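# Observations on the model geometry
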Amino acid sequence: MKIKKKTIVLVLILPPLTFFISLYIHIPKGRLNPASMVSFRLMDRNNILLREVLSAEGGHCHWVRLEEISPHLPKATVVAEDKHFFLHPGVNFLAIARAFIQNIRSGRIVSGASTITQQLVRNTYHVRRNVFSKIYEAWLALRMENTLSKDEILTQYLNRVCYGNQAYGIEAASRLYFDKPSSHLSLAEAAFLAGLPRSPSYLNPYRSFDKGKKRQREILERMYSQSFITQDELERALEEKLNLISEKDKFRAPHFCDYILNQISSKERTKLSAIQTTLDYTLQEKVDILVKSHLKTLETHEVSNAAVIVLDNTTGEILCMIGSKDFFDYRHDGQVNGAVSLRQPGSTLKPFTYALALENGMTAATILEDVETQFMTPQGSYIPQNYDKKFHGPIRMRSALACSYNVPATSALQSLGSDLLYQRLKRLGFESLRKSPSFYGIGLTLGNGEVTLLELVSAYSTLARQGLFIQEKSILKAFDVDNNQVVKEQKSTRIPLFTSQVAYIITHILADRDARIPSFGYNSPLSLPFPCASKTGTSKDFRDNWTIGYTPRYTVGVWVGNFDGKPMQNVSGITGCGPLFKDIMLFLEKKKSGGAFKEPEKLIWAKICPLSGKLPTASCPGIIEEIFIEGTEPQDSCFFHQKIGTVYNKDKLRQLMEKPLEEMIAISFPVNGDIFKIDPILRKKYQTIKFKAHVPEEMGVDKIEWWLNNQKIGVSEYPFSLSWNLKPGFHTIRASARKGKKMIKSRPIKITVFS
């Protein structure tokens, strides 16, 4: 009998005791871990949302702390969902009893009486809604209250509850519907959002906005009745207009976002909640508008797409990446990212060839031959042609690079060896050059390999940085699911690949407006009202146009063409990319481009003869200044121009007479190829130049005739000079003299005069 009493006591006491003890078993931390809820966000450098990748739960969720949420929201939520939240132990037994009676009377479930804690349990355990599960849910809710504080429960709830349209948690909802962080929510907005979890589908703001407003009013009036807000706050909130953001996906800077996501493994992504990138979305928007506008002007030239990169030279950060005109233009392969696609770079690699030439003894004054030349390559013989289909004779390196002539660049690389250029390009980050140096040969300097726009921009920024290479950056910060910053390392080591002197000379040439006039004219798109070094390129068969350039602060790369490889019509680097490049640079100048390029030490400016590149003599018709690395300045005098003695000598005269007649009179000024500019302010009658000719005394000529464009314009005696007023146009000048019955003529001199 005693045994039976003990058994009865155990039966009566043990289950309730066990149940009571079980209430103090903590909810496993894994259940409360936000990792599966949090979606992955890409932000620009100013925290503008670029793209959001759905979480494992299939929604958008940004985990925030309670103190980071507008103080109106927790109050509105408690009023809307569970007014006794701070009083009950997780389950509101009075509410359950009331709901039970209501459901019995109605014959169906009309009220669930779920507390905020129970709703949190439902979201973390995915409990089904039936009578038996309600008991299980209540038990878990009681345990939840013994695991977390009220504020922690509210934090979990506000970050997990669904607000409709795949928005889980208040931060995601606030950004979706009002495009603002939850900390900035007004009372009216907070009350509106607090009403949505009751029935996200029925109260969907995009389809049932009026129903949501009605629910908002109810919540605001309850807040007033429970003294959460004043009468004045109630009235202002009811009058406030809600600016609901239109229903559309946030899909900004799509190519850049894809570029970032390709750098992060799926395993890494599960550990992160957000990445702050280097992109400046305000700049991105502006450049995007410029791209679309510019491409409209090129439609008749069979151009359908463009790509742009803007890099900060100081940090190597990518500020802008436009991959195509329109990501969703399937007709023109808009999802192809032209910023990282392989294309032939045309002449854009020439500056690096000439930089190596400077390292190996050449100077900006070195004379290079631009004549028809046959080069032997592993693929056979090769005769490079210039863009203008002409050859320009002996020219200085400065002119060869500035005018982008092909033969001098090819000759320079042949003397250096293609291996040297290939290895330097690889160190500059051109990982796309995967073939051997012998495969490319000397054609590498003319762009017979394939590279990306990003590689080109990064390499040019090295020149802007006085020869220091920095790996480009695209990520500033990364955050874990608890919003703690984690280290995301990106290379930032500065590697000297060129001396500052070499980089400066190349920069000075690329920024020399006068030096490129013969090829590009005076008022080309590359002519900017501030220091800017730039280079164009056009690939074989006009499939790719490039313009790459830099100021001390920014490097900009522009490509235009067609992703299907279709050739463009009558478009070059200067006409295809140049205008867009100029507009972008002008916009960046408003943000301060960095002023002038800083000239490093150990550089010397020296006077030279423009034809020979040597020290000028009294016989040289003109003198210019050129920049040299200390120790490489010319030591020899010009041998092109020599004054013939005045002593009469029969043998000398006979030698002269045996020369071709046009060589006996020489125009000493102007020099063939000279370019002049008419000053728009100075009176035209004062804008003259003086033609000068050299005539050997042995010839016995006392006067010569001057001819301009095959028309006689004057006669002059010793010292054989004639003043001429500048006139716009292209002009051919000759000097002639009569020797007995023979007419002796000089070689023709061609000049250009711009208005």
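The text that follows walks through the structure, step by step, so that each part is easy to find. (Residues numbered from 1 in each chain as written. Predicted model: local features only at pLDDT ≥ 70, side-chain atom pairs only at ≥ 80, totals over all residues. Heavy atoms only, no water.)

### Examining helix α24 (residues 578–589)
The criterion, for reference: Working definition: helices are DSSP H or I runs of at least four residues, strands are E runs of at least two. Numbering for both runs from the N terminus. In this scheme, a helix's expected span is set at 1.5 Å multiplied by one less than its residue total. Only protein chains enter the accessibility calculation, which uses a 1.4 Å probe. A residue is then buried if its area is under 20% of the maximum for its type, exposed if over 50%, and partly exposed in between. Of all possible arcs, the one meant is that of the directions from the helix axis to the C-beta atoms.
Between its first and last C-alpha, α24 extends 16 Å over 12 residues, near the 16 Å set by a 1.5 Å rise per residue. Inspection of α24 places Gly 578, Leu 580, Phe 581, Ile 584, Met 585 and Leu 588 among the buried residues, and these make up the whole buried set. Projected down its long axis, α24 carries its buried residues within an arc of 165 degrees, all on one side.

### Considerations on a nonpolar patch on the surface
Selection criterion: Like-charged residues within 9 Å of one another, or nonpolar side chains (Val, Leu, Ile, Met, Phe, Trp, Tyr) within 5 Å, are grouped into patches, provided each residue has over 30% relative accessible area and no salt bridge. All accessible-area figures derive from a Shrake-Rupley calculation using a 1.4 Å probe, and residue coverage is judged against the displayed protein chains alone. Each reported salt bridge corresponds to a side-chain nitrogen of Lys or Arg within 4 Å of a carboxyl oxygen of Asp or Glu.
On the surface, Ile 8, Leu 12, Ile 13, Leu 14, Leu 17 and Ile 21 cluster together to form a nonpolar patch covering roughly 590 Å² of accessible area. Inspection of the secondary structure assignment puts Leu 12 in helix α1 (residues 2–22).

### What about the nonpolar core?
The condition is simple: Definition used in this section: a nonpolar core is a set of buried Ala, Val, Leu, Ile, Met, Phe, Trp, Tyr and Cys residues joined via side-chain atoms within 4.5 Å. Working rule for contacts: check all heavy atoms of both residues, and any pair within 4.5 Å makes them a contact.
Grouped together as the largest cluster of nonpolar side chains are 82 residues, with contacts concentrated most on Phe 256, Phe 352, Tyr 354, Leu 425, Leu 428, Phe 430 and Phe 498. When residues of this core are assigned to their parent elements, the largest contribution, eight residues, is made by helix α20 (residues 453–464). Beyond its immediate sequence surroundings of up to four residues, Leu 428 is in contact with Phe 352, Ala 459, Thr 462, Phe 469, Leu 497 and Phe 498. One finds Phe 85, Val 121, Leu 185 and Ala 190 within the second-largest nonpolar core, a separate group that totals 55 residues.

### Some thoughts on helix α10 (residues 209–225)
End to end, α10 covers 24 Å across 17 residues, agreeing with the expected 24 Å (1.5 Å per residue, within 8%). Within α10, the full set of buried residues consists of Gly 212, Arg 215, Gln 216, Ile 219, Leu 220 and Met 223. Along the long axis of α10, the arc covered by the buried residues comes to 140 degrees, so they all point the same way. Turned more than 90 degrees away from the buried face of α10, the exposed residues are Asp 210, Lys 214 and Ser 225. Against the buried residues of α10 lie α3 (72–81), α9 (187–194) and α11 (231–239).

### Quick look at the pairing of strand β26 (residues 742–745)
Regular strands place side chains that alternate from one sheet face to the opposite one. Applied cut-off: Strands pair, by our definition, only if DSSP identifies at least two bridges between them.
Relative to β26, strand β25 (residues 729–739) runs antiparallel, the two sharing four bridges. Across the sheet, residue Ser 736 finds its bridge partner in β26, namely Lys 745. Turn length for the β25-β26 hairpin, with the two strands adjacent in sequence and antiparallel, is two residues, and the turn residue Gly 740 shows positive phi of about 65 degrees.

### Points about the environment of Met 585
Mapped onto the elements, Met 585 comes out in helix α24. The class of Met 585 is buried, set by a relative accessible area of 1%. Each C-alpha atom, one on Met 585 and one on Thr 555, is 9.0 Å from the other, the two residues being 30 residues apart in sequence. In contact with Met 585, other than residues within four places in its own chain, are Leu 528, Phe 530, Cys 532, Gly 549, Tyr 550, Thr 551, Tyr 554 and Val 556.

### Looking at the packing of aromatic side chains
Spelled out, the test is: To pair, rings of Phe, Tyr and Trp, with the six-membered ring standing in for Trp, must have centres within 6.5 Å; the planes then decide the type, stacked if under 30 degrees apart, edge-to-face if over 60, and tilted in the middle. Comment: the charge-over-ring label is applied if NZ (Lys) or CZ (Arg) is within 6 Å of the ring centre and within 35 degrees of the ring normal.
Applying the stated criterion across every chain yields a total of 18 aromatic pairs. The interplanar angle of 25 degrees and the centroid separation of 6.1 Å between the aromatic rings of Tyr 422 and Tyr 440 together place this pair among those described as stacked. Of this pair, Tyr 422 sits in helix α18 (residues 418–427) while Tyr 440 is found in helix α19 (residues 437–440), placing the two residues 18 residues apart along the sequence. A network of ring pairs unites the aromatic residues Phe 352, Phe 430, Tyr 460, Phe 498, Tyr 550 and Phe 597 as a single cluster. Geometry around Tyr 125 places Arg 31 over its ring, the cationic atom sitting 4.1 Å from the centre. One Lys or Arg, Lys 435, reaches over the ring of Phe 439 and ends 5.4 Å from the middle of that ring.

### Some remarks on the side chain of Lys 150
This is how the line gets drawn: Any pair of nitrogen or oxygen atoms within 3.5 Å is treated as a polar contact; in protein, a donor-acceptor pairing is required on top of that, and neighbouring residues in sequence qualify only through side-chain atoms on both sides.
Examined against the element boundaries, Lys 150 turns out to sit in helix α7 (residues 150–160). Within the local environment of Lys 150, its side chain forms a polar contact with the backbone oxygen of Phe 85, the two atoms lying 2.5 Å apart. Apart from the residues within four sequence positions on either side, Lys 150 is in contact with Phe 85, Phe 86, His 88 and Glu 145.

### Concerning the sheet that holds strand β16 (residues 554–561)
Put simply, the rule reads: To obtain each axis, a line is fitted to C-alpha atoms, and for helices this fit is confined to the stretch in contact; angles are then taken between N-to-C directions over 0 to 180 degrees.
With antiparallel pairing, five strands are arranged side by side in an open sheet as β5-β4-β16-β15-β14. If you trace the sheet from one side to the other, it starts and ends with β5 (318–322) and β14 (533–538), each paired once. Adjacent strand axes in the sheet meet at a mean angle of 10 degrees, parallel and antiparallel pairs treated alike. Here strand β15 (residues 544–550) runs beside β16; their pairing, made up of seven bridges, is antiparallel. Opposite Trp 546, over in β16, you have Trp 559 as the bridge partner. Against the sheet, helix α14 (residues 281–297) engages β4 (305–312) and β5, with an angle of about 35 degrees to β5.

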